[in-house]
Amino acid sequence: MTGEQICIAAELACIERLSREEALQHIEDRLLKEPNDAVRRALKRTYHNLFERKELA
């Protein structure tokens, strides 16, 4: 695994343990600090998926 893959996997594992609201806030905060574009794309995808879950419910 590359460094960015490990970073993405670690972030996703952390996000899974949070409530929906905490996860969205965590992703927003992380997006502001993350310099790696691949990690940012993965975080944006996860944010969108979490946000859509609420809209569908």
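Shown above is the structure to which this text applies.
The structure displayed is predicted, hence computed values, not measured ones.

A. Broad picture of the packing of aromatic side chains. Scanning the model with the defined rule gives one aromatic pair in all. Look at tyrosine 47 and phenylalanine 51: their rings are 6.4 Å apart centre to centre, the planes differ by 10°, and that puts the pair in the stacked class. Separated by four residues within a single helix, tyrosine 47 and phenylalanine 51 lie in helix H3 (residues 37-56), roughly one turn from each other. With a relative accessible area of 36%, phenylalanine 51 lands in the partly exposed category.

B. Here's a closer look at the pattern of salt bridges. Under the criterion given, the structure shown has two salt bridges. Where glutamate 11 meets arginine 30, a salt bridge forms, and the shortest distance between an N and an O atom there is 2.7 Å. In this pair, glutamate 11 sits in helix H1 (residues 3-16) while arginine 30 sits in helix H2 (residues 20-33), placing the two residues 19 residues apart along the sequence. Taking relative accessible area as the criterion, glutamate 11 reaches 13% and is therefore assigned buried. As a salt-bridge pair, arginine 30 and glutamate 34 come within 3.1 Å of each other at their nearest N and O atoms. Among the ionic contacts, a cluster of salt bridges with common partners joins Glu11, Arg30 and Glu34.

C. View of the state of the cysteines. Tallied over the entire structure, the rule returns zero disulfides. Lacking any disulfide linkage, cysteine 7 is separated from the closest cysteine sulfur, that of cysteine 14, by 11 Å. Take cysteine 7: its relative accessible area is 23%, and that puts it in the partly exposed class. Residue cysteine 14 is classed as partly exposed on the basis of its relative accessible area, which comes to 32%.

Here is what the cut-offs are and how they apply
- Residues numbered from 1 in each chain as written.
- Predicted model: local features only at pLDDT ≥ 70, side-chain atom pairs only at ≥ 80, totals over all residues.
- Heavy atoms only, no water.
- Phe/Tyr/Trp six-rings, centres within 6.5 Å; stacked < 30°, edge-to-face > 60°.
- Helix = DSSP H or I, 4+ residues; strand = E, 2+ residues; numbered from the N terminus.
- Buried < 20%, exposed > 50% of the residue type's maximum accessible area, 1.4 Å probe, protein only.
- Salt bridge = Lys/Arg side-chain N within 4 Å of Asp/Glu carboxyl O.
- Disulfide = S-S within 2.5 Å.

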